[in-house]
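Structural characterization, general
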Amino acid sequence: MRKTRATTLAATAMAAALALAGCAKDSGTSGSSNNNNAAAGSCVTAQAPAATAASTTSSAAGAKVDASALRVGLAFDIGGRGDASFNDAAAAGVDKAKSELGVKDVRESTASPTEDEAAKEQRLTQLATDGYNPIVAVGFAYASAVQAVAPKFPNTKFAIVDDDSVKAPNVTPLVFSEEQGSFLVGVAAVYKSKNCHIGFVGGVNTPLIQKFEAGFIAGAKAASNKVQITSDYLTPAGDNTGFQDPAKGNIKAAAEFSAGADVVYQAAGASGKGVFQAASAAKGLAIGVDSDQYNQATVAEYKDVIMTSMLKRVDVAVYDYIQALAGNTLSSLPKRFDLAVDGVGYSTSGGKIDDIKPQLEGYKQAIISGAITVPSTPQK
């Protein structure tokens, strides 16, 4: 277990002013006229950027097209459809393409936790051999397989989520700024923490999942110079079972709650269900990932502890990819799905963060404008 104590990000005078405001609030008087920090708890020490009226952003690739001729192959990562997270987001994008773009033929196949590269290559090869085009590989674990298979089927279009290392004319990367969305839920965690102690549970310790941790830490530190942050991973790089082990997720999160954390953010795939279980048992709060997990049926019994989810809009990316392919406008896709194109964000289902939306929107706009740059590796 690693513990990170926040460093000072706000000026001392501002922190003191906010502390006095908090005392005044506790005594029933008005200690601050700044509405943008009206929802601040005792852990918050920094002024949130002012939120201004901003135009709605979108990654939509243009007018709807007829995609009925496309036969879509969907190669899921570990957990597959029903993981209430990453894979379900990809599935939602294909489901939307079926309902709105007319896609009729979809074949799905799911990776197993311990399969080798040959199995992934065989999965993609079989889809291509059977005439599926495009083929969407869900997850960076498919990078080597796509690299090997795509050149053998030059007339088949491939997309790969979370990897941009494959340089081939028939391969489109669908990558995200996970750190940006994670920054916003890090801010939210500080605003909602009563103990000023929050936690992170990652599924597998890889550079990708470290982006979630990095953004979460940065957002928390931006909001508070005294927050304590505990980070854990379920498995090391190379052991992908960390994405499908709810029991282990429960154990790690329970330890964080026992140590004093009262809000825990999980980026652990299907293992996240165990984090929600631990939050429920500890009477704490949890932050979901990828999909709006408050509305996911497979974790519905824990919805009351899910205060928000970091939305990684794999559904948007997959839908936009299919739409662009059908309309022959692949060049219109963003190079990276970030906050500016609604590629990442946060959910408000359940109403638990409605009171701090102005603060979150202020930080969001600061990131989009470039006033705040979010790191992609954890800054301890």
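Provided above is the structure to which this section pertains.
Residues numbered from 1 in each chain as written. Predicted model: local features only at pLDDT ≥ 70, side-chain atom pairs only at ≥ 80, totals over all residues. Heavy atoms only, no water.

This part takes up the pairing of strand S8 (residues 228–236). Most of S8 sits inside the fold, with eight of its nine residues counted as buried. A crossover connection joins strand S7 (residues 197–205) to the parallel S8 through helix H6 (residues 207–223); in handedness this β-α-β unit is right-handed. (Buried < 20%, exposed > 50% of the residue type's maximum accessible area, 1.4 Å probe, protein only. Helix = DSSP H or I, 4+ residues; strand = E, 2+ residues; numbered from the N terminus. Right-handed = clockwise from strand over helix to strand, strands pointing away.)

Next up on the list: the pattern of salt bridges. Inspection of every chain in the model, using the stated rule, returns 13 salt bridges. The closest approach of N and O atoms between Arg123 and Glu115, which form a salt bridge, is 2.9 Å. Each member of the pair, Arg123 together with Glu115, is buried. For Glu179, the salt bridge identified is with Lys211, shortest N-O distance 3.7 Å. (Salt bridge = Lys/Arg side-chain N within 4 Å of Asp/Glu carboxyl O.)

Glancing now at the packing of helix H7 (residues 246–258) against helix H8 (residues 272–282). Across the interface, H7 lies against H8 with an axial gap of 7 Å and an inter-helix angle of 40°. Relative to H8, the element H7 lies oblique. H8 is crossed by H7, and the crossing has right-handed handedness. Within the contact between the two elements, H7 uses Pro246, Gly249, Asn250, Ala253, Ala254 and Phe257 and H8 uses Lys273, Gly274, Val275, Gln277, Ala278, Ala279 and Ala282. (Axes fitted to C-alpha atoms, helices over the stretch in contact; angles between N-to-C directions. Parallel < 35°, antiparallel > 145°, perpendicular 65-115°, else oblique. Left-handed = near helix turned anticlockwise from the far one by under 90°. Contact = heavy atoms within 4.5 Å.)

Bringing helix H3 (residues 117–129) into the picture now. Along its 13 residues, H3 runs 18 Å from first to last C-alpha, staying within 8% of the 18 Å computed at 1.5 Å per residue. What H3 keeps buried is the set Lys120, Arg123, Leu124, Leu127 and Ala128. Down the axis of H3, the buried side of the element spans an arc of 130°, and every buried residue falls inside it. Each element contacted by the buried residues of H3 is listed here: strand S2 (71–76), strand S3 (105–110), strand S4 (135–137) and helix H4 (143–149). Sitting at the amino-terminal end of H3 is Asp116, which places a side-chain oxygen 3.3 Å from the backbone nitrogen of Ala118. Immediately beyond the C-terminal end of H3, within one or two residues, lies Gly131, with a positive phi of roughly 90°. (Expected span 1.5 Å × (residues − 1). Arc of directions from axis to C-beta. Polar contact = N/O pair within 3.5 Å; in protein donor to acceptor, adjacent residues only side chain to side chain.)

Let us look at helix H9 (residues 314–326). Helix length check: H9 (13 residues) gives 18 Å between terminal C-alpha atoms against 18 Å at 1.5 Å per residue, within 8%. In terms of residue burial, H9 counts as a mostly covered element, since twelve of its 13 residues are buried. Here H9 has its buried residues at Val314, Asp315, Val316, Ala317, Val318, Tyr319, Asp320, Tyr321, Ile322, Gln323, Ala324 and Leu325. Elements that come into contact with the buried residues of H9 comprise S2, helix H2 (86–101), S4, strand S5 (158–161), strand S6 (171–174) and strand S11 (306–312). A positive phi of about 60° marks Asn328, the residue just after H9.

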